[in-house]
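Below, each chain spelled out in residue letters.
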Amino acid sequence: MSTDKNTKQVDLELRQFIKNLGYMAGGTALLTTMPWLQSFTTGKLSEIKNEKARVAILGTGSRGQYHILNLLRIPHAEIVALCDNYPPNLKTASDLCPKAKTYTDYRKMLESKDIDGVIICTPLNWHAPMVLDSLAAGKHTFCEKSMALTMDECKAIYEAYLHTDRVLYFGMQRLFDEKYIKGLSMIHSGLIGDIVGIRCHWFRNNDWRRPVPSPELERKINWRLYWESSGGLTTELATHQLEVSNWAMKRIPESVVGMGDIVFWKDGREVYDSISLTYHYRNGVKTTYESLISNKFNGLGEQVLGHKGTMELEKGQYFFEDVAPAPGILQLINNVEKRVFSTVPIAGPSWVPETASKQKPHYVIEGMVHATSGGSMVGAENDGSDNLISAFCQAVITGEKAKDIVEECYSSTMLCLLGNQAMKEQRKVDFPDEYKIPYLKF
Amino acid sequence: MNTAYSHYYDASSLFHGSLLNIMGTRLDAVFIETDKALCELVWQRVVAELSRLDKMFNRFDIESEIYSVNLRAATESVIASDELMSVLINCKRYHNLSLGLFDVTLSDFNAVNLDTEHQTISFSAKNVSIDFGACAKGYALEKVKQMLVDANIKDALIDFGNSSVLALGHHPFGDCWKISVENPFRRGEIVDEIELRDEALSTSGNMPTHLKHIVNPGTHQFIEDEKIVSVVTQNSFDAEVLSTALMIANPEEQGKILAHFDHASFKEYIL
């Protein structure tokens, strides 16, 4: 296994940030609004430094392999088993971690006593049976987003979660992405004023297909393109951004309207390649969601619109509607927020207004300009996925249950499925009462 | 039309207000105060007062009192408001204390007659015009200081267009406010660091874009040296007057002028 010193401590930066929050004025209050981060500290890491979470990868396709690469850089993780029913992917994964035992039947794998945690990266229609079986087998369980293919399956998983003593995580990596954590906390501190609207989009220009060696494997390999195994662009992409939208709003929408079509990729697929959805919150704020995969000009992003400013979370930058603070004053404010006493570089001859007043961005993390294009079909680097999987492995060792992660995934998945229903039935769909859980605030 | 913006940072109990297009520049105010509502109330008062003063001191605004005085005082005695009268009396005092180098007419303040009995202003020469550009910010900052004192806001930093800074109390994590003076000719180069506590800092100087904006009222020559001067005093109006006068004065005059002011510290930076 890889033991590269430089790349091993993949999650330290965020851990240090969370720890420092504890020392900051208001930092503890901030942490109570993001409870899933409370245990994600360097201190917790040193408590478990001699222990390893023995994990299995269930589904060794591209996303499974992506997690394997991250896990190899996490000292408190050990990959002990791999499972897939598609031999080429299992072989690739096995080459990455040759010591891990391989399985083709996941139920067989779940019988193994040598596995503490299972990481599920399979097509969406497999999420529910595998999560439920894994929990029933007494395994701590991590499953990729979205939660499940149907609302009933989501509800079943939620019920199982309420009754299990096992740890359950879902792949909501923005919850562990520093620029989102900071950006959302700035929004909640009132930086951009009242939220008046949210615009989310994800644009790509590719057919979303994987090569198929033989025609009978089409539905197995290109599972994303068929309703029997996928929710299409909503469950595969929008789920992350709808989660962020709810995180910003601290509530969830009560209804959705939308339209979906196959505009360009008319190749026999069933799921839409172009969707437009509008989610309506009770206070009148709307989140618009646009996604299509035959033009990538706009990439991906979430814009939170406030009456004083705009936060672009994915880009980690924000704009003020009218007056931007002077740079020296902004530096002073940033330092006070970090409890640092430093000089304010402002004195000099009179400041004279510049004639060209273009809106300039300010950055959530100083010196950071790390935005993904959204083009990767596997996962971007530094998007919080490594932190998230590290947090899961820590929890596998400590047995500490995740806070809010299941609920956040349930909410955003439900919104995806309701969006699909609105598009298919071409009508406004309200959030059904029978699927409301106590966590949800409308 | 000026634009005001404000934001309260709960975690740090820090209030920040910005006001753009005020007296030809901008103002940023930082209050360290746990009472958010009080901060907002004081900020509203500050914005209203600065807007009022901007209008009063703006010689280009045909509705301002100073516009009317400049237009008519050479041909008639113009009745002035209490406030304008008192500002001009102060300016006269500063004119004398600065050996004539601080001059709101930029040429001949002696031609301005202030009749305190009838509260009128007249000019004894043509082409006299009053320009408060060199002191309005200092006067305004004294007003702001009074508002903060009245509201019992003890720790605050007010940056009025970089050239005029008022510091009350101290930084939340220090025992003063530390201000760096930047070299306007080489961005990012710090020429000095000044510690302020219940003090005002005024900086005068030239910039690459504005080399001819300070004039010696005696010789009518522009001061074009690549230098800046900074003055720290307890009173913003004093600081404002001194930074302008000392920018113009030669070393001998600088010593004489400073002798008239208590607790004023002065620095000159040749860039």
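That block above? That's the structure.
Residues numbered from 1 in each chain as written. Chains lettered and ligands numbered in written order. Predicted model: local features only at pLDDT ≥ 70, side-chain atom pairs only at ≥ 80, totals over all residues. Heavy atoms only, no water.

## Side note on helix H4 (residues 136-150) of chain B
Residue and element names in this part refer to chain B.
- Taking 1.5 Å per residue, 15 residues should reach 21 Å; H4 reaches 21 Å between its end C-alpha atoms and fits that length.
- By the criterion of burial, H4 is predominantly enclosed, with 11 of the 15 residues buried.
- Taken as a whole, H4 has its buried residues at Ala136, Lys137, Gly138, Tyr139, Ala140, Leu141, Glu142, Val144, Lys145, Met147 and Leu148.
- Check the buried side of H4 and you find it contacts strand E3 (25-32), helix H1 (36-57), helix H3 (82-97), strand E7 (155-160), strand E8 (164-168) and helix H5 (236-248).
- The first or second residue beyond H4 is asparagine 152, which carries a positive phi of 65 degrees. (Helix = DSSP H or I, 4+ residues; strand = E, 2+ residues; numbered from the N terminus. Expected span 1.5 Å × (residues − 1). Buried < 20%, exposed > 50% of the residue type's maximum accessible area, 1.4 Å probe, protein only. Contact = heavy atoms within 4.5 Å.)

## Remarks on the nonpolar core
- Grouped together as the largest cluster of nonpolar side chains are 152 residues, with contacts concentrated most on Leu71(A), Ile79(A), Tyr169(A), Phe176(A), Met311(A) and Leu157(B).
- Broken down by element, the residue count for this core peaks at 11 residues, all from helix H15 (residues 405-425) of chain A.
- Setting aside anything within four residues of it in sequence, one finds Phe176(A) in contact with Leu14(A), Trp36(A), Leu37(A), Phe40(A), Ile181(A), Gly384(A), Asn387(A), Leu388(A), Ala391(A) and Ile405(A).
- Membership of the second largest hydrophobic core comes to 69 residues, among which are Leu84(B), Phe123(B), Ala151(B) and Ala245(B). (Core = buried A, V, L, I, M, F, W, Y, C linked by side-chain atoms within 4.5 Å.)

## With respect to the environment of Glu153(A)
All names here are of chain A.
- Note that glutamate 153 resides in helix H9 (residues 151-163).
- The exposure class assigned to glutamate 153 is partly exposed, which follows from its relative accessible area of 22%.
- Residues glutamate 153 and asparagine 125, 28 residues apart in the sequence, show an inter-C-alpha distance of 9.5 Å.
- For glutamate 153, the contacting residues outside a window of four places in its chain are Asn125, Ala128 and Ala148.

## Focus on the sheet that holds strand E4 (residues 78-79) of chain B
Residue and element names in this part refer to chain B.
- Spatially, the 3 strands line up as an open sheet ordered E4-E6-E5, and their pairing is antiparallel. Looking along the sheet, the strands with just one partner apiece sit at the ends: E4 and strand E5 (112-115).
- Two elements, E5 and strand E6 (residues 120-123), share 4 bridges in a ladder whose sense is antiparallel. Paired with valine 112 across the bridge in E6 is phenylalanine 123. (Pairing = 2+ DSSP bridges.)

## A few points about the interface of chain B and chain A
- Opposite the 47 residues of chain B that make contact, chain A presents 32 residues.
- When chain B packs against chain A, the two sides together hide about 3500 Å² of surface, and 66% of this comes from carbon and sulfur.
- By the criterion of area lost to chain A, the three top residues of chain B are Tyr5(B), Phe173(B) and Lys178(B), representing 18% of everything that side buries.
- Our count for the contact surface shared by chain B and chain A stands at 0 salt bridges.
- Scanning the region where chain B abuts chain A turns up 12 residue pairs in polar contact (both at pLDDT 80 or more).
- Put simply, the parts of the chain that give the side of chain B that touches chain A at least two residues each are strand E1 (3-9), strand E2 (14-22), E3, E7, strand E9 (177-182), strand E10 (190-196) and strand E11 (199-205) of chain B.
- Grouping the constituent residues of the side of chain B that touches chain A by class yields 20 nonpolar, 18 polar and 9 charged.
- Here 3 bridges tie strand E14 (residues 344-347) of chain A to E9(B), and the two strands are oriented parallel to one another. When the sheet's bridge partners are listed, Ala347(A) is paired in E9(B) with Val181(B). (Buried area = accessible area lost by both parts, 1.4 Å probe. Salt bridge = Lys/Arg side-chain N within 4 Å of Asp/Glu carboxyl O. Polar contact = N/O pair within 3.5 Å; in protein donor to acceptor, adjacent residues only side chain to side chain. Nonpolar A, V, L, I, M, F, W, Y, C, P; charged D, E, K, R; others polar.)

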